[in-house]
Amino acid sequence: MAASSRAQVLDLYRAMLRESKHFSAYNYRTYAIRRIRDAFRENKNVKDPVQIQALMNKAKRDLGIIRRQEVILETQEMVSCSAATFHTGLAFTDILEQRGQIGNPTCYPTPSQQR
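Residues numbered from 1 in each chain as written. Predicted model: local features only at pLDDT ≥ 70, side-chain atom pairs only at ≥ 80, totals over all residues. Heavy atoms only, no water.

### Details of helix α2 (residues 26–42)
Cut-off, in case you're wondering: Strands are runs of DSSP state E lasting at least 2 residues, helices are runs of H or I lasting at least 4, and numbering of each runs from the N terminus. Every helix has an expected span of 1.5 Å times one less than the residues it contains. Burial classes: relative accessible area under 20% of the type maximum marks a residue as buried, over 50% as exposed, and values in between as partly exposed (1.4 Å probe, protein chains only). An arc is given here, and it is the one of the directions from the helix axis to the C-beta atoms.
The terminal C-alpha atoms of α2, which comprises 17 residues, lie 24 Å apart, in line with the 24 Å expected from a rise of 1.5 Å per residue. Inspection of α2 places Ala32, Ile33 and Ile36 among the buried residues, and these make up the whole buried set. Taken around the axis of α2, the buried residues stretch over an arc of 95°, which confines them to a single face. Facing away from the buried side of α2 by over 90 degrees, the exposed positions are Tyr26, Asn27, Arg41 and Glu42.

In structure tokens:
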């Protein structure tokens, strides 16, 4: 494998791992990281440039899927947090402000966070 191809593969591998670490749900995060590592290990001895390019294209598509899935999960979390507004009496924006970020797995503020 040419040095530039190797660098591109490593960049893609790191990007996929980095994006997978953004999943707030433990099960999604660990599954994605495990699958990425397994897939790259499985194909580490591939020498055929055509096959390497095909695997790179598949990995790029998978990276796009990971990024879209993160957005979908965050959106679902926001919807569940807006439902929490009815239970806590706090506005949705107040909940997000207290959490400091959207990716936090818990929507409900602790009693010390309530006004």
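What follows picks up the thread again.
### Examining the packing of aromatic side chains
To keep things clear, this is the line we draw: Stacked, edge-to-face and tilted are the three classes for Phe, Tyr and Trp ring pairs, Trp counted by its six-membered ring, which pair at centre distances within 6.5 Å; planes under 30 degrees apart are stacked, over 60 edge-to-face, the rest tilted.
Under the criterion given, the structure shown has two aromatic pairs. Where Phe23 meets Tyr28, the ring centres are 6.1 Å apart and the plane angle is 35°; that geometry is what we call tilted.

### Focus: the nonpolar core
The test is simple: By convention a nonpolar core is built from buried Ala, Val, Leu, Ile, Met, Phe, Trp, Tyr and Cys residues, the set being connected through side-chain atoms within 4.5 Å.
Residues Leu12, Met16, Phe23, Ile36, Met56, Leu63 and Ile66 are the most contacted members of the largest nonpolar core, which totals 16 residues. Breaking this core down by element, the ones donating at least two residues are α1 (3–20), α2 and α3 (49–88). The leading source of residues in this core is α3, at six residues.

### Notes on the environment of Ile52
For Ile52, the location among the structural elements is in helix α3. Spatially, the C-alpha atoms of Ile52 and Ser5 are 8.7 Å apart, while their sequence positions differ by 47 residues.

Keep in mind that these numbers describe shape and distance, not what the molecule does.
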